[in-house]
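Inside the fold
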Amino acid sequence: SFEDRPLDDDSWDDDGHRHRHKHGHHEHRKHRSSKRWKKIMLGLIAVIVVGIAGFRGGFFYLRAQGEKNLKTNVAAAGDSAEAQEGLYITYNDKKYQYNEDVINFLCLGIAKDVPIEEKTAITGLETGGEGFADAVILVSLNIESGQMKIFAIPRDTIVPVKVVDSAGYFVRTENIQLTSQHAYGQTAAEGAELMVDAVSNLFFKVPIQRYCSITLSAIPILNDAIGGVDVQVLEDIEGSTGTYHAGETIHLKGKMAEDYVRERDLDVKGSSLQRLERQKQYMTNYFATAKEAVKNDMTLPLTMYQNLQGNMYTNITVEDIAYLVPELLNISMNAEDMVAIPGEVSWGEYMEYHVNTDQLKEIVIN
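No experiment lies behind these values; they were computed from the predicted model shown.

**Things to note about the pattern of salt bridges**
Going through the model one piece at a time under the given rule, you end up with 15 salt bridges. The salt bridge involving Lys-295 is made with Glu-292; its shortest N-O contact spans 3.6 Å. In this pair, Lys-295 and Glu-292 both sit in helix α7 (residues 271–296), three residues apart, roughly one turn of the helix. Bridged by salt links that share partners, the residues Asp-134, Arg-155, Asp-156 and Arg-275 form one connected network.

Here you go:
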């Protein structure tokens, strides 16, 4: 209570006489102390209110910056043919303009067990040591409609790959497997940017606003951060954590998750495509589980972002996360939203996946 007490009070003796007492120095000091604490508490409340308002304002500022940085402004791109490439596509004699509400992310799983910035020994390549991209996923998010499409791109897709020498200079272009493009980077950033160019070219130069590369050994960190993921095993798998049989339902924890999305039988033709189906299934289940985890703890994405340092390289910013997380909570995803790009398999020394460009162009237009 901050009520001020009176400085004087009255008392009565046994004979019924009234006596007035004056409070001394001690009582006056208590009164002044009460007023001072009242001012301090009011000041603290004001600071807390301003702090909350500042936090809310800061959060909304981050969100606004994230939206501004992520969305592609078609009008601001200019009128040159180079600027319009990818932002406008002609299909069946009609010209289509890129939808500014669509944000594309390239997600890469890099096959190496050392930190993302360290090089790893690679056989069969003239140069390079950043590791093969064993998982290549393009996530297309429409913020306005709340739709998400995930395109699984086989690692063995034949595309024009830029061959780079040990000094980082471009040497030539070869039609080889997409997975090797990342390995030609001199750094994790260069490897990711080379992959962005290759995938964008494959998708008729559609803009790819952000990328994220993780080592496959980072999967247990991502998996356990949301409490693990349930899957129904699609095929028999021999992994470092045991044998998993087709049809059984298991709860993936730790290295189990890495085994499930990474292992394949090199003696079986087309095993990388079977693994791709497991990766699609795992990502679908992961997204549903992660949404519930984030609803219970909105700080989880930033915690995961910090825990992945050393095993992840990305150009996604804190502003991007502030904008995306609330949006993603309103988006649902099912198995139909995740598809492999259309194409056919052929065999030579290695498996080759050849894309049906007409069908892919129709997908891009849609």
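**Quick look at empty space enclosed by the protein**
In total, this model carries two cavities of 30 Å³ or more according to the counting rule given. Roughly 1300 Å³ of internal volume is contained in the largest cavity. Surrounding the largest cavity, 41 residues form its lining, Cys-107, Cys-212, Leu-222, Met-283 and Tyr-286 being those nearest its centre. Of all the elements, α7 adds the most residues to the lining of the largest cavity, at eight residues. Here the lining of the largest cavity is built from residues that sort into 36 nonpolar, four polar and one charged. Residue lining of the second largest cavity: Asp-134, Ile-153, Pro-154, Arg-155, Asp-156, Ser-272, Leu-273, Arg-275, Leu-276 and Gln-279, and that is the complete set. Residue contributions to the lining of the second largest cavity peak at five residues, all from α7. Looking at side-chain class alone, the lining of the second largest cavity contains four nonpolar, two polar and four charged residues.

**Considering helix α6 (residues 255–262)**
Counting buried positions along α6 yields six of eight residues, so the element is predominantly enclosed. Three or more residues of α6 are buried, namely Ala-257, Glu-258, Asp-259, Tyr-260, Val-261 and Arg-262. Turning to α6, the residues buried within the fold contact α5 (219–225), β11 (229–232), β12 (237–239), β13 (242–244), β14 (249–252) and α7.

**Describing the environment of Glu-118**
Relative to the helices and strands, Glu-118 is located in the loop between β5 (102–110) and β6 (133–142). Residues Glu-118 and Gly-131 lie 13 residues apart in sequence; the distance between their C-alpha atoms is 9.4 Å. Sequence-distant contacts of Glu-118, that is, excluding residues within four places in its chain, are made with Lys-112, Gly-129 and Glu-130.

**Side note on the packing of α6 against α7**
Between α6 and α7, whose axes approach to 7 Å, the crossing angle comes to 135°. Relative to α7, the element α6 lies oblique. Together, Ala-257, Asp-259, Tyr-260, Val-261 and Arg-262 of α6 and Arg-275, Arg-278, Gln-279, Gln-281 and Tyr-282 of α7 make up the contact between the two elements. Residues belonging to the contact of α6 with α7 are distributed by class as follows: four nonpolar, two polar and four charged.

**Topic: the pairing of strand β4 (residues 94–97)**
Inspection of the sheet shows strand β3 (residues 88–91) paired to β4 by four bridges, in the antiparallel sense. Within β4, the position partnered with Thr-90 by the bridge is Lys-95. The antiparallel hairpin formed by β3 and β4 contains two residues in its connecting segment, where Asn-92 sits at a positive phi of about 50°.

**Structural notes on the packing of aromatic side chains**
Per the stated rule, a full pass over the model turns up three aromatic pairs. Ring geometry for Tyr-282 versus Tyr-286: centroids 5.9 Å apart, planes at 40°, classification tilted. Of this pair, Tyr-282 and Tyr-286 are both found in helix α7, four residues apart, which corresponds to roughly one turn of the helix. Overall, Tyr-286 belongs to the buried group, its relative accessible area being 14%.

**Re the confidence of the model for the chain**
With 80% of its residues at a pLDDT of 70 or more, the chain has an overall mean of 83. Throughout residues 1–11 the model reports pLDDT below 50, and contacts reaching past four residues in sequence, or to other chains, amount to 28 contacts.

**Examining the nonpolar core**
One finds Phe-105, Met-148, Tyr-282 and Tyr-286 to be the most contacted residues of the largest nonpolar core, which totals 47 residues. Among the elements that make up this core, the one with the highest residue count is α7 (seven residues). When sequence neighbours within four positions are dropped, the list of residues in contact with Tyr-282 reads Ile-219, Asn-223, Val-229, Val-231, Leu-252, Ala-257 and Val-261. Of all hydrophobic cores here, the second largest spans 36 residues; its members include Ile-153, Ala-188, Ala-189 and Ile-341.

**Focus: unusual backbone geometry**
In this structure, Asp-93 takes a positive phi of about 65° despite not being glycine. As for its position among the elements, Asp-93 is in the loop between β3 and β4. Taking relative accessible area as the criterion, Asp-93 reaches 79% and is therefore assigned exposed. Even without a glycine there, the phi angle at Lys-205 is positive, about 65°. For Lys-205, a relative accessible area of 31% gives the class partly exposed.

**Thoughts on the layout of surface pockets**
Here the second largest pocket is characterised by a volume of approximately 630 Å³. Looking at the second largest pocket, it is lined by 25 residues, and the ones nearest its centre are Val-102, Ser-140, Ile-363, Val-364 and Asn-366. Contributing elements (two or more residues each) for the lining of the second largest pocket: β4, β5, β6, β7 (147–152) and α10 (357–365). Classifying every residue of the lining of the second largest pocket gives 15 nonpolar, eight polar and two charged.

**Details of the sheet that holds β5**
Pairing in this open sheet of six strands is mixed, and the strands run β15-β10-β5-β6-β7-β16 from one edge to the other. Strand pairing shows two members of the sheet lacking a second neighbour, β15 (312–314) and β16 (338–340), which therefore form its edges. In this sheet, neighbouring strand axes are inclined to one another by 20° on average, regardless of whether the strands run parallel or antiparallel. Examined bridge by bridge, β7 and β16 share three bridges and lie parallel to one another. Bridged to Phe-151 within β16 is Val-339.

Conventions used here
- Residues numbered from 1 in each chain as written.
- Predicted model: local features only at pLDDT ≥ 70, side-chain atom pairs only at ≥ 80, totals over all residues.
- Heavy atoms only, no water.
- Salt bridge = Lys/Arg side-chain N within 4 Å of Asp/Glu carboxyl O.
- Helix = DSSP H or I, 4+ residues; strand = E, 2+ residues; numbered from the N terminus.
- 1 Å grid on protein atoms, 1.4 Å probe; cavity = no way out; pocket = protein on both sides within 12 Å on 5 of 7 lines; lining within 4 Å.
- Points joined across faces, edges and corners; volume = space filled by probe spheres on them.
- Nonpolar A, V, L, I, M, F, W, Y, C, P; charged D, E, K, R; others polar.
- Buried < 20%, exposed > 50% of the residue type's maximum accessible area, 1.4 Å probe, protein only.
- Contact = heavy atoms within 4.5 Å.
- Axes fitted to C-alpha atoms, helices over the stretch in contact; angles between N-to-C directions.
- Parallel < 35°, antiparallel > 145°, perpendicular 65-115°, else oblique.
- Pairing = 2+ DSSP bridges.
- Phe/Tyr/Trp six-rings, centres within 6.5 Å; stacked < 30°, edge-to-face > 60°.
- pLDDT = per-residue confidence, 0-100.
- Core = buried A, V, L, I, M, F, W, Y, C linked by side-chain atoms within 4.5 Å.

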